[in-house]
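# Per-entry structural report
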Amino acid sequence: MHEKDVKFLEDAFKKYYFEHFDLIHTPKNPEMREFGYQKFNSGMNRHISLKSDKELHLMLMKNIPSDVYCSNAKYSFPNLPMAEKDWQNADLIFDIDAKDLHLPCRVSHTTKKCSICSSVFSNTDSCPQCNSTKFETTSLLCNECILGAKKEVTKLISILTTDLGIYSENIIVYYSGNEGFHIHASVPEYEKLDSRHRAELVDYLTFRGAIPETFGARTNFTKSTFPDLDDRGWLGRVSRAVFNSKSNKQKISKQIISDGYFSFKKKIESLQQEIGVKIDPNVTIDVHRIFRLGGTINSKSGLTKMRCTDISKFNPGLDACFIDESDVTVEANCPVSFKLKNKKFGPYQKERITIPKYAAVYLLCKGCASVV
Amino acid sequence: MKLGTEEIAKYPFLTEAGNYLREKGFTLEQFGSDSDLKPIIELAINRIQTAADGKIFNSDFSIKNLDKEVFSFLIAVILLKQSGMNTLIKRFSLSEARRAEKFLEKDLVNLHTNDELAIKIIKDLFSMNVTKSGDYFVIPASDYLMHAVHFHEQEWKLVNRLVDGGNVFLSAHEAVRLIRKELDNYISKKINSANIPDLPESFRSSINTLLDLAKKFKVQIIETTEQPPCVKHALEILSKGENLPHSGRFMLATYLLNKGQTIEEVAPLFKNAPDYNEKITLYQLKHLAGNFGSGTKYACPSCEKLKSENLCFATPECANIVNPLQFGRKKITNA
């Protein structure tokens, strides 16, 4: 990123941090957490220990980071190298990202930036300027994608509360600041689980590895009896997905039995897409991760990782956009339009435009504009 | 908790069994010299022999034989420790774990309160909270995850269990089966940590019997040089210049380093990665090889973990291995 763009973004981020300390807090037991941050055009600084909100705010003002992270794990010595930190436990964390949902709308809001000539384009598989097939893709805010991600969050919370017995007051949902949601669950029983145990938990939530026998298949398949719609856990969810209503059960059961074991096995496997929660497994399995800190800005968008109290009503372009509205002139090249603060912007084709600072920051973070 | 002799006979690995022997006033010398106690030595050998054959020792719970039951276990532990034969110790502890499992299961089924010995053993020795609820045995999901991780069969995956309200619902058989591995470890640990004084010469022939018995378990390992499909896949992705996720790179590097390749041999494989940075790659490889910090050498992730990360491309040749490092390795035993 060009120096002047970095300067512009750092000024905007600094102003945000200065004016919104109320949104940025250290999590429970800050003295046991590892903090980290990145600056624009620079690598990661981690193994930092901060003991209070005050120290965190000071760090933000001193360094003006592009991104701020905090461990979900608690350590005895968070500022020592990884092997010496003495891991104690870790909150459960989940990342739901719209890019993993592979929705058909994606192609319509994805821009591509050629790695050779820096041209920005969309809808084609090679650069229209130099024909290169090497490019970086960036996706812009899309309502469909956010709705899809919200649906996954609702699925996740339902399983966490009913199956895993986690009280909803111990679950905090954040908008990630870009295209998804981060879910933090703080429950002593699950905090001690290591990464192997968490991998099993991930398989449970994503409905991976389910076998027909669990859902009633017998060695003599004709004798199989399938779960009821109101059964607990995955039994009921599978039953509802397969039979849809109680009245269909008998007829569809007969069909399943006549189709045979392998067809049923395939059916169970294919249900993973439909009923499994689409979380990023790596985030949940990793117990040494530093994860974006709530209330801080995501440099992929300039939007804030914001706590959602009512996810159904949450509107990222409105509720997570805190940069001010002063006019800024930028050179924009963004073939895709987007909406922030209920106002539509773009598409822009290599044009000089004057737009509110929050939209300029968004475009710069997406690599689709440069300060004039 | 004061235990009866029958309970000690069922679960002779409990500390109470050792106390019981002391209370009865027997010494090791007596077992070596007293011809009346010889049948106990024979029973101990028989117990080890049964375990070595992969079978479960059949207990005799008639009142007059309860002492024999308890003492034969303790003598078997002493003989095994003295023989130092790891294969026999492993087989014995597994067989004894399976034997105790049968009793635990029966005791669970006949449970009247949640305060009985079987529940206490499971809770105190294996930190698993189990309570009876109707026909089910209920275990907190977090406890289940910690114990079930030792299993590789699909049926033990949490997704194949009834989970509700933070609990997993199991049959008595399943609840007890869940701690077999730990019970096995507990018994083998007990044997390995047993503090045994010098055995009287009269035990020599029994020890020799065990040494002979152990001979047939010598294992020869034949290994192919072919790489497992997950590693092949990772190498293919890199050779095409495509992006291999961090978890894939970690698997590839730890696999090759654990197979004995050097950092200098492994590093060039990542040259094709779209975000290749020589300095960072070398730093990370050195870290994985244990050249920094505490010197921990990173292990290659298990097949199960690779499956969760969508990095497993199992073929029939994988044949139930649990870690890619086992691929192509065949054991040939004399047994």
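Worth saying up front: this structure is predicted, and the values here are computed from it rather than measured. (Residues numbered from 1 in each chain as written. Chains lettered and ligands numbered in written order. Predicted model: local features only at pLDDT ≥ 70, side-chain atom pairs only at ≥ 80, totals over all residues. Heavy atoms only, no water.)

### Considerations on the overall build of chain B
- Each helix and strand counted, chain B has 16 helices and six strands in total.
- Along the three orthogonal principal directions, the C-alpha set of chain B runs to about 75 × 55 × 40 Å.
- When each of the 335 residues of chain B is scored for burial, the buried share is 46%.
- Long-range pairs, those at least 24 residues apart, make up 70% of the contacts in chain B between residues at least 6 apart in sequence.
- Approximately 17000 Å² of chain B is accessible, and the part contributed by carbon and sulfur atoms is 50%.
- Counting 43 positive and 41 negative side-chain charges, chain B places the centres of these two groups 4 Å from one another. (Helix = DSSP H or I, 4+ residues; strand = E, 2+ residues; numbered from the N terminus. Buried < 20%, exposed > 50% of the residue type's maximum accessible area, 1.4 Å probe, protein only. Contact = heavy atoms within 4.5 Å. Areas by Shrake-Rupley, 256 points an atom, 1.4 Å probe, with all protein chains shown as cover. Lys, Arg positive; Asp, Glu negative; His and termini not counted. Charge placed at Lys NZ, Arg CZ, Asp CG, Glu CD.)

### Comments concerning the sheet that holds strand β9 (residues 135-139) of chain A
Residues and elements named next belong to chain A.
- Taken in spatial order, the three strands line up as β8-β7-β9 in an open sheet, and their pairing is antiparallel. Of all strands in the sheet, those with a lone pairing partner are β8 (120-121) and β9, marking the two edges.
- Pairing of strand β7 (residues 110-114) with β8 involves two bridges; the strand directions are antiparallel. Residue pairing across strands places Lys 112 opposite Phe 121, the latter belonging to β8. (Pairing = 2+ DSSP bridges.)

### Examining the sheet that holds strand β10 (residues 171-175) of chain A
Residue and element names in this part refer to chain A.
- The antiparallel open sheet is built from four strands, whose spatial order is β6-β11-β10-β15. Both outer strands of the open sheet, β6 (92-97) and β15 (306-307), are each paired with one neighbouring strand and no more.
- The strands touched by helix α3 (residues 143-162) are β6, β10 and β11 (180-185); relative to β11, the strand with the most contacts, the crossing angle is about 15 degrees. (Axes fitted to C-alpha atoms, helices over the stretch in contact; angles between N-to-C directions.)

### Overview of the state of the cysteines
- Applying the stated rule across the entire model yields zero disulfides over all chains.
- Among the cysteines around Cys321(A), which has no disulfide bond, Cys365(A) carries the closest sulfur, lying 11 Å off.
- Looking at the unpaired Cys300(B), the closest cysteine sulfur is the one in Cys230(B), lying at 6.8 Å. (Disulfide = S-S within 2.5 Å.)

### Re α3(A)
- Between its first and last C-alpha, α3(A) extends 28 Å over 20 residues, near the 28 Å set by a 1.5 Å rise per residue.
- Of all the positions in α3(A), only Cys145(A), Ile146(A), Gly148(A), Ala149(A), Lys150(A), Glu152(A), Val153(A), Lys155(A), Leu156(A), Ile159(A) and Leu160(A) are classed as buried. (Expected span 1.5 Å × (residues − 1).)

### Quick look at the environment of Ser66(A)
Residue and element names in this part refer to chain A.
- Inspection of the secondary structure puts Ser 66 in the loop between α2 (53-63) and β3 (67-71).
- When the C-alpha atoms of Ser 66 and Lys 300 are compared, they prove to be 9.0 Å apart, with 234 residues separating the residues in sequence.
- Not counting the four nearest positions on each side in its chain, Ser 66 is found in contact with Phe 13, Gln 38, Lys 39, Phe 40, Ile 297 and Ser 299.
- Reaching out from Ser 66, the side chain makes a polar contact with the side chain of Asp 67 at a distance of 2.8 Å. (Polar contact = N/O pair within 3.5 Å; in protein donor to acceptor, adjacent residues only side chain to side chain.)

### A closer look at the domain arrangement of chain A
All names here are of chain A.
- Taken domain by domain, chain A comprises domain 1 (20-100 + 142-203 + 280-322) and domain 2 (208-275).
- For domain 1 versus domain 2, the separation of C-alpha centres amounts to 36 Å.
- Counting the surface lost from both domain 1 and domain 2, the interface buries some 480 Å², and carbon and sulfur atoms represent 31% of this.
- The tally of links from domain 1 across to domain 2 stands at two salt bridges. (Domains from an automatic or database assignment. Buried area = accessible area lost by both parts, 1.4 Å probe. Salt bridge = Lys/Arg side-chain N within 4 Å of Asp/Glu carboxyl O.)

### Section: the packing of aromatic side chains
Residues and elements named next belong to chain B.
- Taken as a whole and assessed by the stated rule, the structure comprises 25 aromatic pairs over all chains.
- Their ring planes at 80 degrees and their centres at 5.4 Å tell us that Tyr 136 and Phe 169 sit as a pair that is edge-to-face. Here Tyr 136 is found in strand β2 (residues 136-140), whereas its partner Phe 169 is found in strand β4 (residues 167-170), with 33 residues between them in sequence.
- Looking at Tyr 136, the relative accessible area reads 36%, which means it is partly exposed.
- On the accessibility criterion, Phe 169 (12% relative accessible area) is buried.
- An angle of 20 degrees between the planes, with centres 4.4 Å apart, marks the rings of Phe 151 and Trp 156 as stacked.
- On the basis of relative accessibility, which here comes to 10%, the residue Phe 151 falls in the buried class. (Phe/Tyr/Trp six-rings, centres within 6.5 Å; stacked < 30°, edge-to-face > 60°.)

### Remarks on the interface of chain A and chain B
- If you look at the interface, chain A gives 32 residues, while chain B gives 29 residues.
- Around 2600 Å² of area is buried between chain A and chain B when both sides are counted, 61% of it from carbon and sulfur atoms.
- Area buried by chain A at its contact with chain B is led by Glu200(A), Arg208(A) and Arg232(A), which between them contribute 25% of it.
- At the surface where chain A touches chain B, the tally comes to four salt bridges.
- Ionic pairing is found between Glu200(A) and Lys157(B), a salt bridge with its closest N-O pair at 2.8 Å.

### Overview of the pattern of salt bridges
- Scanning the model with the defined rule gives 41 salt bridges over all chains in all.
- The residue Asp125(A) makes a salt bridge to Lys112(A) at a minimum N-O spacing of 3.6 Å. With a gap of 13 residues between them, Asp125(A) in the loop between β8 and β9 and Lys112(A) in strand β7 connect regions that are remote in the sequence.
- For Asp125(A), a relative accessible area of 60% gives the class exposed.
- The buried category is assigned to Lys112(A), whose relative accessible area is 11%.
- For Lys157(B), the salt bridge identified is with Glu304(B), shortest N-O distance 2.8 Å. Here Lys157(B) is found in the loop between α8 (141-148) and β3 (162-164), whereas its partner Glu304(B) is found in helix α16 (residues 303-308), with 147 residues between them in sequence. Taken as a pair, Lys157(B) and Glu304(B) share a single burial class, namely buried.
- The structure contains a network of salt bridges with shared partners spanning Glu200(A), Asp203(A), Arg208(A), Lys157(B), Glu304(B) and Lys307(B).

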